[in-house]
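Here's the letter readout for the chains.
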Amino acid sequence: MPIHRALTFATLLAATLAAATLTAAPPAAATPGPNVSYFKLSNGLEVVVIPDRRAPVITHMVWYKVGAADEPPGKSGIAHFLEHLMFKGTKKNPAGKFSKAIAALGGHENAFTSVDYTGYFQRTAREHLKMLMEFEADRMTGLVLTDAVVRPELNVVLEEENQRGSSPAAKLAKQMDAALYLNHPYGKPVIGWRHEIEKLTREDALAFYRRFYTPNNAVLVVAGDVTTEEVRKLAQATYGKIKPRAKITPRKRPQEPEQLAPRFIELADPRVAQPSLQRYYLVPSGATAKPGEAEALDVLAHILGGGATSRLHRALVVERSVAVSAGAWYSEAALDATRFSLSGTPKPGVSLRELEQAIDAVIGEVIARGVTADELKRAQNRLIADAVFALDNQATLARWYGVALTTGSSVERVNNWTDRIRAVTAEAVQQAARTWLDKRRSVTGYLVKDTASETDKRS
Amino acid sequence: MRRFFFYVVVTAAAFAAGVMLAPAAHATKIERVISPGGIEAWLVRESSVPLIAMDFAFKGGADQDPADKAGVSHLTTALLDDGAGDLDSAKFQRLLEEYAVELRFSTSRGHLRGSLRVLKERQERGFDLLRLALTAPRFETQELERTRAQVLAGLRRETTNPNQIASRTWWKTAFPGHPYGRPTNGSLDSVPQITVDDIKAYARRVLACDTLKVAVVGDIDAATLGPILDRVFGALPAKAELNPVPPATMQAIGRRIVVDLDVPQAVLALGGVGLARKDPDFMAAFVVNHILGGGSFSSRLYTEVREKRGLAYGVYSYLLPLDRAALVMAGTATNGERAAETLQIIESEMRKLAAEGPTAAELAKAKAFLKGSYPLRFDTSTKIAGQLLEIQIDDLGIDYINKRNAMIDAVTLADAKRVAKRLFSGEFLTTVVGRPKGIVGTEPGG
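Residues numbered from 1 in each chain as written. Chains lettered and ligands numbered in written order. Predicted model: local features only at pLDDT ≥ 70, side-chain atom pairs only at ≥ 80, totals over all residues.

## Looking at the pairing of strand 12 (residues 442–449) of chain A
Residue and element names in this part refer to chain A.
Thought 1: Counted residue by residue, strand 12 has six buried out of eight residues, so it is predominantly covered.
Thought 2: Note: strand 8 (residues 263–269) against strand 12, seven bridges, orientation parallel. Bridging across to strand 12, Phe 264 finds its partner in Thr 444.
Thought 3: Here strand 9 (residues 276–283) pairs with strand 12 via six bridges, running antiparallel. Residue pairing across strands places Leu 277 opposite Tyr 446, the latter belonging to strand 12. (Buried ≥ 20, exposed ≤ 12 C-beta atoms within 10 Å, placed from the backbone. Helix = DSSP H or I, 4+ residues; strand = E, 2+ residues; numbered from the N terminus. Pairing = 2+ DSSP bridges.)

In structure tokens:
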């Protein structure tokens, strides 16, 4: 999977929601468009309703506009740790009661954390929506934590860090993020740096909770077999009763200075059995880009590295036969400057340096000559079709709107995404490549086998 | 909660005669469509999303690979959309993209599966590309070499991945000499041996009408679908030529194998003898497994391993009823320092469940969960197509969806206790990969 900024905390629904969240796909949306409504409660809670009457089930999500990039210095991982601790009960609903109630209905639940947002969701039969809202509203402000539950959960998070973060590829990705961002907290891993996770406390979690978990910093998304009026009534009766408990100011994170020099990282590990390379560029996100720019980057990523017809695949894998695979991704959904990534796996006998030169040649070609009308049309068709395919899945739609509203986008921008993609011109794609695929704003990472340490171990 | 119904009609040669089994606001109709040429598909008409989802399967997956050429079936699935008929790989891929046709093939031990997703307005193009892929694949040398290189890169990565090592070691040890003992995607030794002729021979033997199962969900009616089935699949041979797969008897029960790898966590993989899908006690086993380690935040393993002790991020158990062997599997990834404690807890939870069975309250909760969560498997066209295909593969009958929750309800505490004993009183084969402190293998690891 290309992107691993977002974390889910268990593996339920892996195939649909959680996996999709991990992929952090660009917030595409729907041409025919689901009939989405949006409103705000008087306490500031934003509400999105996505009707889907095909099956008698609903997806209920609460998103907080807070993520790893909002953590105090030295407390990396607290946003994610708090996400785990949110399952430890409240005064009204002690530990386990919420999860047991969901399990008794055959519901699914989980939660996830990214750099910009933290989300909680349940999926059940439609008639339980009120109960879900009561529980979720209760834990918005009623969390009770004791050391007895906090300590084992910290171990769970440390095991999660081991599980997700200890492969050579994951280690390289962390080093590259840290190098890509010279100043912005997006450079930290969402799960946190291990030495800081180890020191997180109950008090850290509660302080973070009190500061950010409040209705005026949250978005409720309900998708499925419901009407807007039902949701409005139930939301008012549950979430509507919570008083805002913290003043929320715009999220102003330390911004990137002008980047002047390409960075290079080589991570050597004895477990690397197949070398590969990655390149990250610092580029505008949907929230920071000029009009049309993020859309052009979406199209550019697809033309450069979206599958078997892409430039990188054709040139490197098929024609020049220097790579086994190659691809490109753009992570549009972010509050601040984001990442455009390329990756490649060389054929045996081809060095990473040679592969990197071949990738640079492909990029150089796009910058110099642009893309063809045919390529542009195919990419647009494909991206727009993906949005239509997504209409099939209420959980995917719920996720898109949740991501949009917590990363500086809007319901309207999600709804007109396909129009915006359709409006992209070949000139805009070329301009985006020229402006943003600038090596001075990039970090290149090589993943190689550490043969030295293997020899050491034998001696 | 509101009940959830599918009703069934049978449609022969585009003649629809429906029997509605249950009235409900959300009743969904499954039609059995028989094409003029005799190809059967299960259809659910869904017009609110402009998408056609077709899932299909042929019997015979990696279990048909030659003994020294594991990975043939897997390579074949990767090559099916890599050029067909008059279209070379590049042209074929361009058309897929231009018309946004999603065509996927995959293999498992027992089946080759495929899926088509296409926008309704482009369905003709989608069905046509699928027809070409199945009936006129080119399987050219250049494409084979490219795909082989990709597969080998993946296999090299797997050599140092603790989960993959644990799994490969488990299967190799449990089923030596049987197709189940060989990895589905092959090995660094076997994949280089595979030739175009191997691929062609596999495709010729397996892609045939008599084992084909098809499920379709979308805005398409039976009269339209019938001729499409003939067009897409009709040119395939009438009968598959499958090599018989002998029953697989699990070996090495009670053994524990430790593979050394310098990683922070130890990966544990346990497996033992389970129940066949057709076993009258299968539903009871399904419920009992849910109580031990099924997918909710309240299983015994989740509570003991994660919730109380923080030993792991995830811990699970599941039933794996294959055609020729029935298994029950469990596993986790835990801190190497505390691996022995984790393994001991998993084993003692199994023994306890075998000895005492679940409580009446646990049984009731598990049944409620399993019944209540069933509708969540049917909330998208894509998921419905997937479910209809698996029900056909398992030969459970077109009315299974309506009977399934009653079958869960029928599981008694006595059933659950009897089956818990059957599932968990025996020994398991365990593979451990990492540096597990305090776990000693019964033999040197491989």
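## Let's talk about the interface of chain B and chain A
Thought 1: In this assembly, 56 residues from chain B lie in contact with 51 residues from chain A.
Thought 2: Elements with a minimum of two residues in the side of chain B that touches chain A: helix 2 (89–98), strand 7 (111–119), helix 4 (141–158), strand 11 (312–321), strand 12 (326–335), helix 11 (360–373) and helix 12 (381–393) of chain B.
Thought 3: A total of seven residues in the side of chain B that touches chain A trace back to one element, the largest contributor, which is helix 11 of chain B.
Thought 4: Of the residues assigned to the side of chain B that touches chain A, the class counts are 22 nonpolar, 19 polar and 15 charged. (Contact = placed C-beta atoms within 7 Å. Nonpolar A, V, L, I, M, F, W, Y, C, P; charged D, E, K, R; others polar.)

## Notes on the nonpolar core
Thought 1: With 275 residues, the main nonpolar core has Tyr401(A) and Val287(B) as its most contacted residues.
Thought 2: No other element matches the nine residues that helix 13 (residues 373–390) of chain A contributes to this core.
Thought 3: Excluding residues within four positions of it along the chain, Val287(B) makes contact with Leu363(B), Ala366(B), Lys367(B), Leu370(B), Ile408(B), Val411(B) and Ala416(B). (Core = buried A, V, L, I, M, F, W, Y, C linked by C-beta atoms within 7 Å.)

## With respect to unusual backbone geometry
Residue and element names in this part refer to chain B.
Thought 1: In the Ramachandran plot, Ala 252 falls in the positive-phi region, its phi being about 60 degrees despite a non-glycine side chain.
Thought 2: Counting through the fold element by element, Ala 252 comes out in the loop between helix 7 (222–233) and strand 9 (256–260).
Thought 3: Residues other than glycine seldom take positive phi values, yet Asp 395 does so here, at roughly 55 degrees.
Thought 4: Here Asp 395 is to be found in the loop between helix 12 and helix 13 (400–409).
Thought 5: Taking the number of C-beta atoms within 10 Å as the measure of exposure, Asp 395 has 10 and is therefore exposed.

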